[in-house]
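Structure at a glance
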Amino acid sequence: KNKIFNTNSDAIFEYFKDANATQPISANFTNETNFAQTVYARISAPGFCPSMGKINLKVNTPTQSSTLQNKYYICYGETLTIDAGTENPSRIWSTGETSRTILITKAGNYSVKLTSSDGCTYTHNFIVSDENQPKIEVINQTNNSIEVIASGGATPYLYYFNGVGQTSPILMNPTASSYIVQVESATGCLGEPKTIYIIKIHNAFSPNGDGINDSWTIENLDKMESFTIQIVDRYGNKVFESQNKNN
């Protein structure tokens, strides 16, 4: 500041890049040398000889974290510990937390604003990716089989049906009324499980009042979010259609 060199209100300050005062600069100067630079001030006042002063410009910079990464990978059921490191005493995570470490259980985009002891701040953005997880795309089923189609992660996969693993994506002759299906990659990364219910469609019934197979039902239909039932005769003509679970 000017008063560091002279308290005379009539003093005139001129600034230069060099000590010989041959390269003038403005008072609003942006340093041209990264982080530190020396400039000079010539102070003139009535009745006094001009004098030169040296100004050392030092730019405080944010302290980068040595532990944070740009991308993390998460498998289903895992909890990641993200560490901001010890370099910065103040932290504000995009989750609202202010601790040095946070726990993350879901994939997504995150960030943390770090403030150094000098008051310099920077924001570190990072991604938590689920790309290593196998994702179940389609589950096909018949009365006699369940087929799982998955993508993502390293192959070959291991397929779990109610916790029992197998290398084939097809479970033959399922006996349970429902299955929790999950896929594991070759690197041991589990994907999100899905629950399916076995839909059994009976091809005949006898509505003769004897109490045996008097009505036609579809097992586990009530578990479905949406469906359409169509019944056609032997000639392909539609005789019944419903989207009602109770009808």
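Not measured: the values here are computed from a predicted model.

A few points about the overall build of the protein chain
Looking only at helices and strands, one finds one helix and 21 strands in the protein chain. Based on the C-alpha atoms only, the size of the protein chain along its principal axes is roughly 125 × 40 × 30 Å. Counting over 247 residues, the protein chain shows a buried share of 28%. In the protein chain, of all internal contacts separated by at least 6 residues, the share reaching a separation of at least 24 is 38%.

Examining the side chain of Q182
Note that Q182 resides in strand β16 (residues 178-184). Note on Q182: relative accessible area 16%, which makes it buried. Of note is the side chain of Q182, whose polar atom sits 2.8 Å from the backbone oxygen of G191. Excluding residues within four positions of it along the chain, Q182 makes contact with Y76, I136, L158, Y159, Y160, L190, G191 and P193.

A look at the pattern of salt bridges
A full pass over the atoms with the stated rule returns six salt bridges. K17 is the partner of E32 in a salt bridge, and the nearest nitrogen-oxygen pair spans 3.0 Å. Placement of E32 in the loop between β2 (24-25) and β3 (36-44) and of K17 in the loop between β1 (12-16) and β2 is noted, with a sequence separation of 15 residues between them. For E32, a relative accessible area of 51% puts it in the exposed group. K238 serves as the salt-bridge partner of E241, at 2.5 Å between the closest nitrogen and oxygen.

Brief notes about unusual backbone geometry
That bond from T155 to P156 is cis: its omega, 5 degrees, falls within 30 degrees of zero. Phi at N162 is positive, roughly 55 degrees, even though this residue is not glycine. Mapped onto the elements, N162 comes out in the loop between β13 (158-161) and β14 (164-166). We note that N173 has phi near 50 degrees; this positive angle belongs to a residue other than glycine. Topologically, N173 is positioned in the loop between β15 (170-172) and β16.

Things to note about the sheet that holds β1
Strand order in the open sheet made by the four strands is β2-β1-β3-β4, with antiparallel pairing throughout. The open sheet terminates on both sides in strands that have one partner only, identified here as β2 and β4 (51-58).

Remarks on the packing of aromatic side chains
Counted according to the given criterion, the structure contains four aromatic pairs. Both rings, one in W93 and one in F126, keep their centres 6.3 Å apart while their planes meet at 85 degrees; by these two values the pair is edge-to-face. Of this pair, W93 sits in strand β7 (residues 90-93) while F126 sits in strand β10 (residues 121-129), placing them 33 residues apart in sequence. Grouping residues by exposure puts W93 and F126 together as buried. Taken together, a centroid distance of 6.1 Å and an interplanar angle of 85 degrees make the contact between Y157 and Y159 edge-to-face. Accessibility assignment for this pair places Y157 and Y159 in one class, buried. Pairwise contacts between aromatic rings join Y72, W93, Y110 and F126 into one cluster.

Structural notes on the environment of V239
Its location among the elements puts V239 in strand β21 (residues 238-242). For V239, the contacting residues outside a window of four places in its chain are I231, V232 and D233.

A short note on the layout of surface pockets
If a probe the size of a water molecule is rolled over the atoms, the empty space left behind becomes visible. Approximately 310 Å³ is the volume found for the largest pocket. If one sorts the elements of the lining of the largest pocket by residue count, strand β20 (residues 229-232) sits on top with three residues.

Re the environment of R100
Along the chain, R100 turns up in the loop between β7 and β8 (101-104). For R100, a relative accessible area of 37% corresponds to the partly exposed category. As a C-alpha pair, R100 and P89 span 11 residues in sequence and 8.5 Å in three-dimensional space. Leaving out residues up to four positions away in the same chain, R100 has contacts with I82, D83, A84, G85, T86, R91 and W93. Within the structure, the side chain of R100 is placed 2.9 Å from the side chain of D83, a separation counted as a polar contact.

Conventions and cut-offs
In every chain, residue numbers begin from 1 and rise along the written sequence. In view of the model being predicted, local features appear only for residues whose pLDDT reaches at least 70, and side-chain atom pairs are presented and counted only at 80 or more, with totals across whole chains, interfaces and linings using the full set of residues. Computation of side-chain values covers all heavy atoms of the structure but excludes hydrogens and water. A run of DSSP states H or I qualifies as a helix once it reaches four residues; a run of E qualifies as a strand once it reaches two. Both are numbered from the N-terminal end. A simple rule labels every residue: compare its accessible area, found with a 1.4 Å probe on the protein chains alone, to the largest value its type can have, and call it buried under 20%, exposed over 50%, or partly exposed in between. It only takes one pair of heavy atoms within 4.5 Å for two residues to be counted as in contact. As used in this structure description, the phrase polar contact means that two N or O atoms lie within 3.5 Å; if the pair is within protein, one of them must be able to donate a hydrogen and the other to accept it, and residues adjacent in sequence are counted only when both atoms belong to side chains. Every case where a carboxyl oxygen of Asp or Glu lies within 4 Å of a side-chain nitrogen of Lys or Arg is listed as a salt bridge. In this description, strands pair whenever DSSP reports at least two bridges between them. To pair, rings of Phe, Tyr and Trp, with the six-membered ring standing in for Trp, must have centres within 6.5 Å; the planes then decide the type, stacked if under 30 degrees apart, edge-to-face if over 60, and tilted in the middle. Cavities and pockets are defined on a 1 Å grid built over the protein atoms alone: a cavity is a set of grid points where a 1.4 Å probe fits but cannot escape, while a pocket is an open set with protein on both sides within 12 Å along at least five of seven lines, and lining residues are those with an atom within 4 Å of any such point. Grid points are joined across faces, edges and corners, and a volume is the space filled by probe spheres set on the points.

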